[in-house]
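Structural overview
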Amino acid sequence: MTAHPSPLAVQDQSIQAWSWLADPLTCISTHPEGPLAGLSFGVKDVLDVQGMPTRYGAHFPDALPAQHDAACVAVLRRAGAIPVGKTVTAEFAYAAPGPTRNPLNLEHTPGGSSSGSAAAVAAGMVDFALGTQTGGSMMRPAAFTGIVGFKPSFGAIHRSGLFLLCDSLDTIGYFSRDLSVLRRVATVLQGLPDVKVPTCPRIGVLDGKDLGPITPAALAALEQGCLHLEQQGAQLERLPADPQLKELLILQGQIMAYEMARSLLPVWQASPNALRPITVQAIKQGLELPPADYHAWQARRRQLQTEWQDRYAHFDALLTPAAPGPAPYGLDSTGSSILNRPWSLLGWPTLSLPAPAQDSPLPLGLQLIGQAHQDAALLDLAVLLSPEQAR
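Values in this document were obtained by computation on a predicted structure and should not be read as measured data. (Residues numbered from 1 in each chain as written. Predicted model: local features only at pLDDT ≥ 70, side-chain atom pairs only at ≥ 80, totals over all residues. Heavy atoms only, no water.)

1. Here we look at the packing of helix H7 (residues 243-270) against helix H8 (residues 277-287)
Across the interface, H7 lies against H8 with an axial gap of 8 Å and an inter-helix angle of 120 degrees. The angle between H7 and H8 falls in the class oblique. Considering only the axes of H7 and H8, their crossing is left-handed. Contact residues: H7 offers Ala257, Tyr258, Met260, Ala261, Arg262, Leu264, Leu265 and Trp268, while H8 offers Thr279, Val280, Ala282, Ile283, Lys284, Gly286 and Leu287. Classifying every residue of the contact of H7 with H8 gives 11 nonpolar, 2 polar and 2 charged. (Axes fitted to C-alpha atoms, helices over the stretch in contact; angles between N-to-C directions. Helix = DSSP H or I, 4+ residues; strand = E, 2+ residues; numbered from the N terminus. Parallel < 35°, antiparallel > 145°, perpendicular 65-115°, else oblique. Left-handed = near helix turned anticlockwise from the far one by under 90°. Contact = heavy atoms within 4.5 Å. Nonpolar A, V, L, I, M, F, W, Y, C, P; charged D, E, K, R; others polar.)

Rendered as structure tokens:
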């Protein structure tokens, strides 16, 4: 008897969001009374799922099934959610893209490195999906595929079972089409309390043009978002270019390069043919960075974290474009992360939301940035940008 492919596998033939799919007969909730019962989810292939191989987007065809769930997967499973497979990642969540296509236009990238997770959610294959972010690996895919993506505060979610690319930066987050589903997942994974959104929240607006080129469409979407927020009662303050933003961007790249090289060195030594040239070259370059410089960068990072927390403490959130423009054409690049990396360095929570009233053939996203460890406040404030999702 010939086995028929599952409906997900059939749907995925053109999108290629999945690196491994479970047998549908095994996708049964072990806690049917849990708060997430009935919700299906995908898991970025740098996180372990019991019974599924973890290949990290690299060439490991003989990878054995993981013996245990990553901590976040175990918590979600205990809440009744069902992991249905592993989603495609850029190689070791870095730069070499996988085969995933943007479900809204197959000729365009879905972004990365959490490409498969965003695409699977955008295509309606799962209710939510886990991703990770070191620089802009969640905000950009969410923006490019027109969904909601949430990167919690650094350290908010236990990272056991995640391959750590950069110990100082890697953060586990999640995607959904529905902000209310995202909030339910956040409650389970982070135990977030209910908070009261300020009647007139103060939001600082940064256009990001000092970090690099921003397309007119992205700037127009930012203006539409600002107008929408003002109509919802928010008090907006246009902020001048902050010269330290560029320093944060550079610092994130330096710390990432140093830590990534040392995390992947054992992999390269043990399996030199498993990695693509762009990854190998990054390892070689990162290994040349002196430890003394790295310690200086970390000291400066801690200083900037304190300074920026004080400087922007009077805002309930900051608002920027989530990406410099819509998803680029082709699959050779996952797009620019310049608008996301400063906040990853600071460890602040960020949320990518579809921009309202878009005039673009592909989605544009807005990035809402919260105060460190004020994740619940940020998620609740996001309803102002997406009031139709408040249900």
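So that's the structure; there's more coming.
2. As for the side chain of Gln133
Relative to the helices and strands, Gln133 resides in strand S4 (residues 128-133). According to the relative accessible area criterion, Gln133 is buried, its value standing at 1%. Polar side-chain contacts of Gln133 include one of 3.1 Å to the backbone oxygen of Gly135. Separated by 3.1 Å, the side chain of Gln133 and the backbone nitrogen of Met139 make a polar contact. Contacts of Gln133, omitting those with residues within four sequence positions, involve Met138, Met139, Lys151, Leu169, Asp170, Thr171, Asn340, Ser344 and Thr350. (Buried < 20%, exposed > 50% of the residue type's maximum accessible area, 1.4 Å probe, protein only. Polar contact = N/O pair within 3.5 Å; in protein donor to acceptor, adjacent residues only side chain to side chain.)

3. Some details on empty space enclosed by the protein
Counted by the stated rule, this structure contains 3 cavities of 30 Å³ or more. Forming the walls of the largest cavity are Thr89, Ala90, Pro97, Gly98, Thr100, Thr109, Pro110, Gly111, Gly112, Ser115, Leu331 and Thr334. The residue makeup of the lining of the largest cavity, split by class, is 4 nonpolar, 8 polar and no charged. (1 Å grid on protein atoms, 1.4 Å probe; cavity = no way out; pocket = protein on both sides within 12 Å on 5 of 7 lines; lining within 4 Å. Points joined across faces, edges and corners; volume = space filled by probe spheres on them.)

4. Thoughts on the sheet that holds strand S8 (residues 235-238)
Across the sheet, which stays open at both edges, the 11 strands sit in the order S1-S3-S2-S4-S6-S5-S10-S11-S9-S7-S8 with mixed pairing between neighbours. Two strands lie at the open edges of the sheet, namely strand S1 (18-21) and S8, each paired on one side alone. On average, adjacent strands in this sheet sit at an angle of 25 degrees to one another, irrespective of strand direction. In this structure, strand S5 (residues 148-151) lies alongside strand S6 (residues 171-176), joined through 3 bridges in antiparallel fashion. Counted as the bridge partner of Gly149 is Phe175 from S6. Packing of helix H6 (residues 216-231) onto the sheet brings it into contact with strand S7 (202-205), S8, strand S9 (317-321) and strand S11 (365-369), and relative to S9 it is tilted by some 150 degrees. (Pairing = 2+ DSSP bridges.)

5. Brief notes about unusual backbone geometry
With an omega of 10 degrees, the peptide bond between Gly112 and Ser113 qualifies as cis. Residues other than glycine seldom take positive phi values, yet Tyr56 does so here, at roughly 65 degrees. Looking at the element boundaries, Tyr56 is found in the loop between strand S2 (40-44) and helix H2 (71-78). Even without glycine at this site, Ala93 takes up a positive phi of about 55 degrees. Look at Ala93 and you get buried, because its relative accessible area is 7%.

6. Focus: the layout of surface pockets
Of the volumes computed, that of the largest pocket is approximately 370 Å³. Considering the residues around the largest pocket, the lining is formed by 19 residues, among which Tyr94, Ala95, Arg140, Met256 and Ser337 are closest to the centre. Per-element tally for the lining of the largest pocket: the top contributor is H7, with 4 residues. Among the residues making up the lining of the largest pocket, the classes are represented as 5 nonpolar, 11 polar and 3 charged. For the second largest pocket, the calculated volume is near 210 Å³. Taken together, 17 residues make up the lining of the second largest pocket; nearest its centre are Ser19, Asp45, Arg55, Gly57 and Ala58. The residue makeup of the lining of the second largest pocket, split by class, is 7 nonpolar, 6 polar and 4 charged.

7. Notes on the pattern of salt bridges
Throughout the structure, instances matching the rule amount to 9 salt bridges. Note that Asp380 and Arg183 form a salt bridge whose closest N and O atoms lie 3.1 Å from each other. Of this pair, Asp380 sits in helix H11 (residues 375-381) while Arg183 sits in helix H5 (residues 179-190); the two residues are 197 residues apart in sequence, bridging distant segments of the chain. Here Asp380 falls in the buried class, since its relative accessible area comes to 16%. Its salt-bridge partner being Glu237, residue Arg202 comes within 3.0 Å of it at the nearest N-O pair. You can see Arg202 sitting in strand S7 and its partner Glu237 sitting in strand S8, a full 35 residues away along the chain. (Salt bridge = Lys/Arg side-chain N within 4 Å of Asp/Glu carboxyl O.)

8. Quick look at the packing of aromatic side chains
Scanning the model with the defined rule gives 12 aromatic pairs in all. Seen in terms of ring centroids, Phe150 and Tyr174 are 5.6 Å apart; in terms of plane orientation they differ by 65 degrees. Their pairing is edge-to-face. Taken together, the residues Phe150 in strand S5 and Tyr174 in strand S6 connect sequence positions 24 residues apart. Comparing Phe150 with Tyr174 shows no difference in burial state: the two are buried. (Phe/Tyr/Trp six-rings, centres within 6.5 Å; stacked < 30°, edge-to-face > 60°.)

9. Some remarks on the pairing of S9
Here S9 lies mainly inside the structure; 5 of its 5 residues are buried. Alignment of S7 against S9, held across 3 bridges, turns out to be parallel. Bridge assignment links Val205 to a residue of S9, and that residue is Leu319. In the sheet, S9 pairs with S11 via 4 bridges, with the strands oriented antiparallel.

Don't take any of this as a statement about function, it's just geometry.
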